[in-house]
Amino acid sequence: MQLCKSALEVLEETSRTFYIPISRLPAGLQEAVASGYLCMRAIDEIEDHPTLDNALKAKLLQIISLTLQAGTHEMRASDLSGALSDYKDVLPEVSYRVGEWALLAPESIAPRVWDATAAMSDRMAYWARINWKIEDRADLDQYTFGVAGAVGLLLSDLWAWYDGTTTNRSHAIGFGRGLQAVNILRNHNEDKKRGVDFFPTGWTDEQVYNYARQNLELADTYTAALPIGPALDFCRIPLTLAHATLNAMAQGEAKLSRSTVIDLVSQLTGSSVG
């Protein structure tokens, strides 16, 4: 099964960082990973929506969670788009089309993607209801597990499904948490403008930098243990960009320049990136 062009286009529009490694995956695994990424990006865009109130965010996220929990091999994209139809005008394309993304994965692994998305959507609804009140390290760990560490676990399941690759699942959680911590730092000022602060109460930038570094160390260990193959090819790209972004921010830069991203990815892949 070949990934339809429209999904690739939406993928590229939502995240160049993940478009590149996903577009390089072999058939079958590409659809599975793209399905998981787009489903989770769909709910992430609802969580981060700048104008929806928290109660409506929680409602939409729970609609998606419950619909996916009721999913079977006969599920249709319209089952989710129909449930979200009243909100089509306020949702971004990637969110409204979540039903299509859920059906991208091969049938034998699709229910794992649905399960991961449903669980994450339910957790996001919880955080929306309490306005992402993060008071201490434990709260931060709970949040970063719910929205990112669980992604690491899903990826581990996808590698195992595809070719039997085994991974350390604790390190997989660190992989997700590390990438999320970098995003929290990068988007901190923008998030605060919309009334959300993912920093635990009283934490400084340096404490969150340390949190990110600790988890990226686990991500390094996770990735270094992967055998040569598609899982390693995939993980090296976002991990390298996360390290580079963290270093750039520590030096006062807001984010990596496009040229730096292109250079880093070209070095990793051995080919030019447009």
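Everything numeric in this text was worked out from a predicted model, so none of it was measured.

Colleague: Would you explain the overall build of the chain in this entry?
Modeller: What the chain contains, in helices and strands, is 14 helices and zero strands. In terms of overall size, the chain behaves like a compact globule, its C-alpha atoms giving a radius of gyration of 18 Å where 274 residues would be expected to give roughly 19 Å. Each principal axis of the C-alpha distribution contributes one length, and for the chain these read about 50 × 40 × 35 Å. Out of the 274 residues in the chain, the part that is buried amounts to 51%. Considering only residue pairs separated by 6 or more positions, the chain has 71% of its internal contacts joining residues 24 or more positions apart. Split by element, the accessible area of the chain, about 12400 Å² in all, is 49% carbon and sulfur.

Colleague: Would you take a moment to explain the environment of leucine 103 for this structure?
Modeller: Positionally, leucine 103 belongs in the loop between helix H7 (98-102) and helix H8 (110-129). Those residues within four positions of leucine 103 in sequence are excluded, and the remaining contacts are Met75, Arg76, Ala77 and Trp114.

Colleague: Looking at this structure, I do not really get H8. What am I missing?
Modeller: Since the α-helix packs 3.6 residues into each turn, any two residues three or four apart lie on the same face. Taking 1.5 Å of rise per residue, the 20 residues of H8 would be expected to cover 28 Å, and the 29 Å separating its terminal C-alpha atoms lies within 8% of that figure. On its buried face, H8 is in contact with helix H3 (29-47), helix H4 (54-69), H7 and helix H9 (137-163). Positive backbone phi, at 55 degrees, marks asparagine 131, one or two positions downstream of H8.

Colleague: How should the environment of leucine 80 be read in this particular structure?
Modeller: Mapping leucine 80 onto the fold places it in helix H5 (residues 77-83). Its relative accessible area of 1% is what places leucine 80 among the buried residues. With 30 residues separating them in the primary sequence, leucine 80 and alanine 110 have C-alpha atoms 15 Å apart. Sequence-distant contacts of leucine 80, that is, excluding residues within four places in its chain, are made with Ile64, Thr67, Leu68, Val98 and Gly99.

Colleague: Looking at this model, I keep getting lost on the side chain of arginine 177. Mind explaining?
Modeller: Following the sequence through the fold, arginine 177 ends up in helix H10 (residues 169-186). A relative accessible area of 18% places arginine 177 in the buried class. Apart from the residues within four sequence positions on either side, arginine 177 is in contact with Asp141, Thr144, Phe145, Ala148, Gly149, Tyr211 and Asn215.

Colleague: Honestly, the packing of aromatic side chains in this entry has me stumped. Any pointers?
Modeller: What characterises a pair of aromatic rings is the spacing of the ring centres plus the angle enclosed by the ring planes. Here the structure, examined in full by the defined rule, presents nine aromatic pairs. With a centroid separation of 5.6 Å and 45 degrees between ring planes, the pair formed by phenylalanine 175 and tyrosine 222 is classed as tilted. Taken together, the positions of phenylalanine 175 in helix H10 and tyrosine 222 in helix H12 (residues 205-224) put the pair 47 residues apart, joining distant regions of the chain. Exposure remark for tyrosine 222: the relative accessible area of 3% places this residue in the buried category.

Colleague: Help me understand the pattern of salt bridges in this model?
Modeller: A pair can form between side chains of opposite charge whenever their charged atoms are brought close. Throughout the structure, instances matching the rule amount to 14 salt bridges. Across the pair aspartate 79 and arginine 76 runs a salt bridge, and its minimum N-O distance is 3.3 Å. Of the residues examined, arginine 76 reaches a relative accessible area of 54% and is grouped as exposed. Note that lysine 133 and glutamate 135 form a salt bridge whose closest N and O atoms lie 3.4 Å from each other. Accessibility expressed as a relative area gives 51% for lysine 133, which makes it exposed. Because the salt bridges share partners, they merge into one network encompassing Arg112, Asp115, Asp157 and Arg169.

Colleague: Could you clarify how one ought to interpret the packing of H8 against H9 in this entry?
Modeller: Packed helix pairs are characterised by how far apart their axes lie and by the angle those axes make with each other. The interhelical angle for the contact between H8 and H9, taken along N-to-C directions, is 170 degrees, at an axis separation of 10 Å. Considered as vectors, H8 and H9 are oriented roughly antiparallel to each other. The residues of H9 that touch H8, namely those facing Arg112, Val113, Ala116, Met120, Arg123, Met124 and Trp127, are Asp139, Gln142, Tyr143, Phe145, Gly146, Val147, Ala150, Val151, Leu153, Leu154 and Asp157. For the contact of H8 with H9, a count of residues per class yields 12 nonpolar, two polar and four charged.

Colleague: Help me understand the nonpolar core, please; the structure alone is not making it clear to me.
Modeller: Nonpolar side chains tend toward joint burial in soluble globular proteins. Counting residues in hydrophobic clusters, the biggest one holds 94 residues, and the most contacted among them are Val33, Trp101 and Trp159. If near-sequence neighbours (up to four positions away) are discounted, tryptophan 101 is found in contact with Ala7, Val10, Ser35, Leu38, Cys39, Ala42 and Val94.

Colleague: How should I be thinking about H12 in this particular structure?
Modeller: Look at H12: 28 Å from first C-alpha to last across 20 residues, which is about the 28 Å you get at 1.5 Å a residue. Regarding H12, the residues found buried are Val208, Tyr209, Tyr211, Ala212, Asn215, Leu216, Ala219, Tyr222 and Thr223. Each buried residue of H12 lies within a common arc of 155 degrees when the element is viewed along its axis, so the set occupies one face. Within H12, the exposed residues directed more than 90 degrees away from the buried face are Glu217 and Ala224. Contact partners of the buried residues in H12: H9, H10 and helix H13 (230-250).

Basis of the calculations
- Here the residue numbering is sequential within each chain, running from 1 through the sequence in written order.
- Totals for whole chains, interfaces and linings use all residues, but because this is a predicted model, local features are given only for residues with pLDDT of at least 70 and pairs of side-chain atoms are given and counted only at 80 or more.
- Heavy atoms from the whole structure form the basis of all side-chain values; hydrogens and water molecules are not counted.
- Numbering goes from the N terminus for both helices and strands, where a helix is a DSSP run of H or I of at least four residues and a strand is a run of E of at least two.
- Radius of gyration here uses only the C-alpha atoms, and the compact-globule reference equals 2.2 Å multiplied by the residue count raised to the power 0.38.
- Classification of residues uses two cut-offs on accessible area relative to the type maximum, computed with a 1.4 Å probe and protein chains only: under 20% is buried, over 50% is exposed, and between them is partly exposed.
- Only heavy atoms matter for contacts: two residues are in contact if any of them lie within 4.5 Å across the pair.
- Using a 1.4 Å probe, accessible areas were evaluated by the Shrake-Rupley method; residue-level cover was limited to the displayed protein chains.
- Expected span of a helix: the number of residues minus one, times 1.5 Å.
- Stacked, tilted and edge-to-face pairs are distinguished by plane angle, under 30 degrees for stacked and over 60 for edge-to-face with tilted covering the rest, among Phe, Tyr and Trp rings (Trp via its six-membered ring) whose centres lie within 6.5 Å.
- Criterion for a salt bridge: a side-chain nitrogen of Lys or Arg within 4 Å of a carboxyl oxygen of Asp or Glu.
- Only C-alpha atoms enter the line fits that serve as axes; for helices the fit covers just the stretch in contact. Angles between N-to-C directions range over 0 to 180 degrees.
- Put simply, angles under 35 degrees are roughly parallel, angles over 145 are roughly antiparallel, angles from 65 to 115 are roughly perpendicular, and the rest are oblique.
- Classification convention: Asp, Glu, Lys, Arg as charged; Ala, Val, Leu, Ile, Met, Phe, Trp, Tyr, Cys, Pro as nonpolar; all other residues, Gly among them, as polar.
- Nonpolar cores were defined as sets of buried Ala, Val, Leu, Ile, Met, Phe, Trp, Tyr and Cys residues, with membership established by side-chain atoms within 4.5 Å.
- Here, the arc refers to the directions that run from the helix axis to the C-beta atoms.

This is a description of form; function is not addressed.
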